[in-house]
Amino acid sequence: MAETSETVAPTSSQLSAARKFVKAHGKPSRAVVENIGRAGARVVLVGTDGALGDVVVPSVETGEALIEAVEDLEAAAWDAETVNQAKIGPEHRRKMAGR
């Protein structure tokens, strides 16, 4: 039996966070939606200045709706162009390593 899910619209705080990121880190910014299981989806934001951010939403569909609703935010994938745009500094690397 196929599972059906309704798309939950992004909240005003999720939209606000994404818009603030775009404003602070350049237009157009990129967004990659990643499924994180039962927790929903993570929308990874990559600014034109290389900054990284994220917004957690209830589903992949909500993440896609968030991207569509935010001006100057483009849907992307982890292709070479997006990866090369992201600048991961030493502080972020330590955080990802759990230090």
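Here's a quick rundown of the structure. (Residues numbered from 1 in each chain as written. Predicted model: local features only at pLDDT ≥ 70, side-chain atom pairs only at ≥ 80, totals over all residues. Heavy atoms only, no water.)

Let us now look at the nonpolar core. If you look at soluble globular proteins, the nonpolar side chains tend to sit buried side by side. Judged by nonpolar contacts, the single largest core of 15 residues is most densely connected at Ala31, Val43, Leu45, Val70 and Leu73. Looking at this core, the elements with two or more residues in it are helix H1 (12-25), strand E2 (41-46), strand E3 (52-57) and helix H2 (60-69). (Core = buried A, V, L, I, M, F, W, Y, C linked by side-chain atoms within 4.5 Å. Buried < 20%, exposed > 50% of the residue type's maximum accessible area, 1.4 Å probe, protein only. Helix = DSSP H or I, 4+ residues; strand = E, 2+ residues; numbered from the N terminus.)

A sheet is described by the order of its strands in space; here 4 strands give the open sequence E3-E2-E1-E4, paired in mixed fashion. The open sheet terminates on both sides in strands that have one partner only, identified here as E3 and strand E4 (73-75). Neighbour to neighbour, the strand axes of the sheet diverge by 30 degrees on average, direction disregarded. (Pairing = 2+ DSSP bridges. Axes fitted to C-alpha atoms, helices over the stretch in contact; angles between N-to-C directions.)

Residues in a regular strand project their side chains so that they alternate between the two faces of the sheet. Here E2 lies mainly inside the structure; 5 of its 6 residues are buried. Judged from the 6 bridges that link them, strand E1 (residues 29-35) and E2 form a sheet pairing that is antiparallel. Across the sheet, the residue bridging to Arg30 is Val46, located in E2. Taking the residues that link successive antiparallel strands as the turn, the E1-E2 hairpin has 5 residues, and the phi of Gly37 there is positive, at about 75 degrees. Across 6 bridges, E2 lies against E3 in antiparallel orientation. Along E3, the bridge assignment pairs Ala41 with Val57. Taken together, E2 and the strand that follows it, E3, pair antiparallel across an intervening segment of 5 residues, in which Gly50 is found at a positive phi of about 95 degrees.

Mapped onto the secondary structure, Gln14 falls in helix H1. Overall, the relative accessible area of 12% leaves Gln14 in the buried class. Among the polar contacts made by the side chain of Gln14, one reaches the main-chain carbonyl oxygen of Val56 at a distance of 3.2 Å. (Polar contact = N/O pair within 3.5 Å; in protein donor to acceptor, adjacent residues only side chain to side chain.)

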